[in-house]
Amino acid sequence: MTQAKKSTNTGPLLIIAAPGLVYLLINNYIPMLGIIIAFKNVDFGKGILNSDWCGLKNFEFLFKTNDAYIMIRNTLLYNLVFIILGTVCAIMIAILMYEVVTSFCSKVFQAGLILPSLISMVVVSYIVYAFLNTETGFINTSILKPLGVEPINWYAEAKYWPFILVIVQIWKTAGYSSIIYIAAIAGIDPSIYEAARIDGAGKVRQIFCITLPQLKPTVVIMVLLAIGHIFSSDFGLFYQVPMNSGSIYNATQTIDTYVYRALMQLGDIGMSSAAGVFQSIVGFVLVLGANYFVRRVDPDSALF
Amino acid sequence: MHSTNTSGDRTFKTFAIVFLSLLTVCAFLPFLLIVVTSFTSEKSIVENGYKFLPDRLSFEAYTFMLAQASVIFRAYAVSIGVTAVGTAASMLITTMLAYPMSRADFKYRNVLAFVVFFTLLFSGGIVPSYIMWTRAFHLRDTYLALIIPTYLMSGFNVLMVRNYYKFNIPSALIESAQIDGAGEFLIFFKIMIPLSVPVNVTIGLLTGLAYWNDWINALYYISKPQMFGIQNLLIRMMNNLQFLTSGQANGLVNVAIDIPTNAVRMSMAVIGVLPIVIGYPFLQKYLTKGVVVGAVKG
Amino acid sequence: MRTRSLALSTLLALTVMFLPINVFAADKKEPEKVVVAWISFNKIPDDMGAVDDAINQYIQKKYPGLNIAIDLQLYGPAEYNQKINLALASGTPMDIFDPLPLGAFVAKNQLLPLESLIDKYGQGIKKMVDKDFGPGVMKTTVFNGHQYSIPVNKGMALNLTVVYDKDLLALTGYTEKDINSLQDLPKIFDALKQKKPDVIPFAPISTGDTMLLRYLANKYEVDTLSDMSTMAGVVFGNSGKVVNLYESKEFAEGVRMMRDWYTKGYLPKDAATSQANSQQYFGAGRLFCTLGGYGGNQIGVAISQQTGRNIGAKHIVSFYFDSQAVNLVTTGIASNTKVPEAAMKMLNLIYTDEFVINTMLYGIEGRDYIKVDSHHWKYPDGKDANTVPYTASLCTGVLGSESLQYQPVGMSWDDVLQKLKDNQKTKRSPYFGFNFDTSALKNEIGAITNVYNQYIPALICGALDPDTTIQKLNKALKDAGIDRVIVEKQKQLDAWVKTNK
């Protein structure tokens, strides 16, 4: 009987899936053909389709530079920290949100969740500047001066920036990410908690034994997706927040900022496409690997 | 739904409130600075930087922006319209795609999962998308150009909804409906959607925010000022300002301009966020009901 | 029978009646539409139809033989490059535009070679540009033997000028006569610091740019060989030898001077990264002087008006024309245009016809602007830039001929004439007209741009120790491939010298 069901429901299910699939085809897959631009020496006199192929030449600029190591290292490390720290913070916020029952408090906290994500990185960079600029910034005038410490030229010292950027990123995205976990927790059957409570389990026990395991599929998706983008970075965070200061490149140069700066004069469409393809392929391979690993440990949680 | 019993629980609850309060203050503080700075006199900003308690307050930034009030309100209307329509349409097709993917007895569920996921990683870039939308679909200078490209459905949302359907809606419900002879459409609309309020609200919120914050679609596809959304309008204005007051303008612009740049920048940030700040409390009713309180009944 | 003949004769009559009209209709064609996409720093107008119509009607009346019509498209600086690139890549009609940076568009073959079109329909442009600029300026947009665009016809000589606060200068006891070079400034700074310790003596004109490189290039007659943005590989005077500017003793001296200024407190400590704008500092009375490149003599007046202070300007080093000084802002025709001849005819009008360019800039006379005398305009009473239906008044420098453009009331016309005279007077590099083809060296240029951004702003603001940093800079440049760039530039330069001397 199950077999008969299998074949009869495929049709209707495909119809239901159709609008979404059509959109993906048009919005995502057809333009994906544009990836050929990364492998062409585009001459608009001939048009994109008729331009000459040039193999991997457009990819060279990413590697034939001393900055290659720095930019790849920075991109990878920052993303790793963002994934780990970001997930922990988002889950923490989501779990704690459920403890707040007073409607006024919870309303205020929820508003606080999305507020940072509404402010664009450009504006954020001005706020950071308000804190860190040498002459009039908060930290120098209101904190360091009273303590008798010499003002620090923040935008010239690379060593502070890993901390600054991580703080800014977590500030901007933790609330937004926690919304996803809040929704996931909302879907957990309350009777499980009831049963645990009756058995005498306290809050903390409940969190570790019920909530966290139930959140596993969500965490897996979020982490796998983040791994897929592990070679990409938020341009606003790494270019605008540091105010494009050259002295701190060691801590703020990522693949995306390098590509932007390199192509400012050249405007080469093949090279910028190549950079994107490179980032995508690396991410893709890593996700395949990670997904394979997850599938072995917990097949249900795997992406596909 | 979690009742407090032991003192350990009470400590935990107190910790939660304290921690979240701190976080909320951190979230609001920069925004407070933005608002205060937008009401500060430009001279005061240049001499003393941004301050929570500035020397001189002034409305000059808003007077400057008010001169373009009609343009700003028009942009609000466009943004609100695009966000509302886009979010509604998006929620529909996202959930429709997620449903079959969540059914364990659907032959192509893994294929679809891969197809959806792949789009999150690879992209052809703006040039091929632009060529397609403008030459094949003629979307240039239409409102559809603000709704359809990119934001109408995100693979991420699809996967989230799929997960919710898979893990949070008991399959027993679906099976009993099938036994009763219900077709897939009926199951989808009568069972899946009503029982997935938390995730519906979530993707609605995320999509809504994405539409509201978007300024890129208008940058690429729209040239008619009447159709600019608020974020796009503000980015253009900010860029113009930046360009005029930077040293670069020397070669191109022959007349000097006097604008309270810093204060205006902050006032632009306020203007961009205002409708959401005003409208959010109304939306929150649904959020609290749907999400935090929980909606699945065994 | 009668009906038939009646029908036939009616038919005949009708044909005869309509024949002349048909004949006329065959001769009268639709005017060819030319799309002009240009950059506007003003508010983008809601509706440009009225302005398009005004120009088109004028063209029909005055130049009936041309049969062309304009379609104006204005884009703000935020979107201009994007829109241009997308239009070119997708084949959306766009015929005339400003390619910035020129080299990139040539490399992608997106510009139409113009030589033959100029000879046929663009003679007016040539005459105009030669008159205002002196002959040979069109050479600067020639790449590989083809003319790819036309320089915007305006005052290009941005002489290095010390812009200073007159009231503060008066306090020091020195006068304008004492300011003749950068070396004269430290003693004035010292005197100022005695009187007013919290005024900044010298600030970069824009973030991270004290104009040191431009100063060196102009003072020592350096041709940047198409590379004003990174100056990797330049030629001094007429030596014919391409060298690394950053290994030169002039550069080291200049940077040491800036470092000296920085340590003595003449520059703000965060000069390399400060977002504060020199105009704003002037307005607050907190800045004494800055170094900038300006054409004409009116910049002191202009900045005074804007900042509310008494600002003076002293020209200390004259500009030096290399190709890129002139071809920074140019206008060209898209390589995929469907109407190349109409586009050139339109371009000719833009450069030579007073009505066309001023309507494009200021809109419709009476509605958008009022003509005050033969050379000046002002807004209609009660209106300003934001309330007139159409204006592009800030865009005088991106299109057409400055000698034809009206000036806002208050700006002296003599100053425009002075700027044009300066064009003719300014010394030209022996390699004026040389353009570097970058296609073989894209990787190196990308890497060099990154190295430049990393070290130069801080170096030229004196924030880093020159002795160690210049070494690091040059090592990084070598790793990025500057030697290959120099070799290639030398090769192309030698070939150009052979064919052009």
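Residues numbered from 1 in each chain as written. Chains lettered and ligands numbered in written order. Predicted model: local features only at pLDDT ≥ 70, side-chain atom pairs only at ≥ 80, totals over all residues.

Caption draft 1: Examining the overall build of chain C more closely. Within chain C, the secondary structure is distributed over 19 helices and 19 strands. Taking the principal axes of the C-alpha coordinates as reference, chain C spans close to 115 × 55 × 35 Å. Burial statistics for chain C: of 501 residues in total, 53% are counted as buried. (Helix = DSSP H or I, 4+ residues; strand = E, 2+ residues; numbered from the N terminus. Buried ≥ 20, exposed ≤ 12 C-beta atoms within 10 Å, placed from the backbone.)

Caption draft 2: Expanded view of the overall build of chain A. A count of helical and extended segments in chain A gives 12 helices and two strands. N-terminal to C-terminal, the α/β element order of chain A is α-β-β-α-α-α-α-α-α-α-α-α-α-α. Across its three principal axes, chain A shows a C-alpha extent of roughly 65 × 65 × 35 Å. Within the span of chain A, comprising 304 residues, buried residues form 47% of the whole. A fraction of 70% describes how many contacts in chain A between residues 6 or more apart in sequence connect residues 24 or more apart. (Contact = placed C-beta atoms within 7 Å.)

Caption draft 3: Structural view of the sheet that holds strand β13 (residues 311-317) of chain C. Residue and element names in this part refer to chain C. Taking strand neighbours across the sheet as the criterion, the four strands line up as β8-β12-β7-β13 in an open arrangement whose pairing is mixed. Each of the sheet's edge strands pairs with one partner strand only, and the pair in question is β8 (200-202) and β13. Ignoring strand direction, the axes of neighbouring strands in this sheet form an average angle of 25°. This element, helix α12 (residues 299-307), spans β7 (159-165), β12 (287-294) and β13 of the sheet and lies at about 145° to β13. (Pairing = 2+ DSSP bridges. Axes fitted to C-alpha atoms, helices over the stretch in contact; angles between N-to-C directions.)

Caption draft 4: Geometry of the domain arrangement of chain C. All names here are of chain C. Partitioning chain C into domains gives domain 1 (30-155 + 325-433) and domain 2 (159-324). Here the C-alpha centre of domain 2 lies 31 Å away from the C-alpha centre of domain 1. Listed as interface residues are 21 residues of domain 1 and, on the opposing side, 16 residues of domain 2. Taken together, the elements giving at least two residues each to the side of domain 1 that touches domain 2 come down to α13 (323-327), α16 (413-425) and β19 (427-428). When residues in the side of domain 1 that touches domain 2 are grouped by element, the largest group, four residues, is from α16. Class assignment of the residues belonging to the side of domain 1 that touches domain 2 gives a composition of seven nonpolar, nine polar and five charged. (Domains from an automatic or database assignment. Nonpolar A, V, L, I, M, F, W, Y, C, P; charged D, E, K, R; others polar.)

Caption draft 5: The arrangement of the nonpolar core in detail. Met346 and Ile448 of chain C are the most contacted members of the largest nonpolar core, which has 325 residues in total. A per-element tally of this core places helix α6 (residues 161-186) of chain A first, with 13 residues. If we skip the residues at most four places from it in the chain, Ile448 of chain C touches Thr230, Ala232, Leu477, Ala480, Ile482 and Val485 of chain C. (Core = buried A, V, L, I, M, F, W, Y, C linked by C-beta atoms within 7 Å.)

Caption draft 6: Highlighting the pairing of strand β2 (residues 68-75) of chain C. Residue and element names in this part refer to chain C. Relative to β2, strand β1 (residues 32-39) runs parallel, the two being bridged by eight bridges. Paired with Val35 across the strands is Asp71, a residue of β2. With helix α2 (residues 49-62) bridging β1 and the parallel β2, this β-α-β connection has right-handed handedness. (Right-handed = clockwise from strand over helix to strand, strands pointing away.)

Caption draft 7: Representation of the environment of Ala302 of chain C within the structure. Examined against the element boundaries, Ala302 of chain C turns out to sit in helix α12. On a C-alpha basis, the gap between Ala302 of chain C and Gly410 of chain C in space is 9.4 Å, while along the polypeptide they are 108 residues apart.

Caption draft 8: Quick look at the confidence of the model for chain A. Averaged over chain A, the pLDDT score is 88; the fraction of residues at 70 or greater is 98%. Here residues 1-6 of chain A scores under 50 on pLDDT; set against residues more than four positions off or in separate chains, the count is four contacts. (pLDDT = per-residue confidence, 0-100.)

Caption draft 9: Examining unusual backbone geometry more closely. Residues and elements named next belong to chain C. Here the bond from Leu100 into Pro101 is cis, since omega is 0°, no more than 30 degrees from zero. Locating Pro101 in the fold gives a position in the loop between β3 (96-97) and α4 (102-107). If you check the backbone angles, Asn109 has positive phi at about 60° while not being a glycine. Residue placement: Asn109 occurs in the loop between α4 and α5 (115-121). The phi dihedral of Asn144 is positive, around 50°, even though this residue is not glycine.

Caption draft 10: Inspection of the domain arrangement of chain A at higher detail. Residues and elements named next belong to chain A. As assigned here, chain A comprises domain 1 (1-55) and domain 2 (65-301). One C-alpha centre belongs to domain 1, the other to domain 2; they are set 31 Å apart. Counting residues at the interface gives six residues for domain 1, matched by five residues for domain 2. Residues of the side of domain 1 that touches domain 2, tallied by class, amount to four nonpolar, one polar and one charged.

Caption draft 11: Local environment of the interface of chain B and chain A. If you look at the interface, chain B gives 91 residues, while chain A gives 80 residues. Elements with a minimum of two residues in the side of chain B that touches chain A: α1 (7-38), α4 (69-102), α5 (109-121), α6 (126-136), α8 (155-168), α10 (184-195), α11 (197-213) and α15 (261-292) of chain B. If you tally residues by element for the side of chain B that touches chain A, the top one is α1 of chain B, at 17 residues. Tallied by class, the residues present in the side of chain B that touches chain A amount to 58 nonpolar, 26 polar and seven charged.

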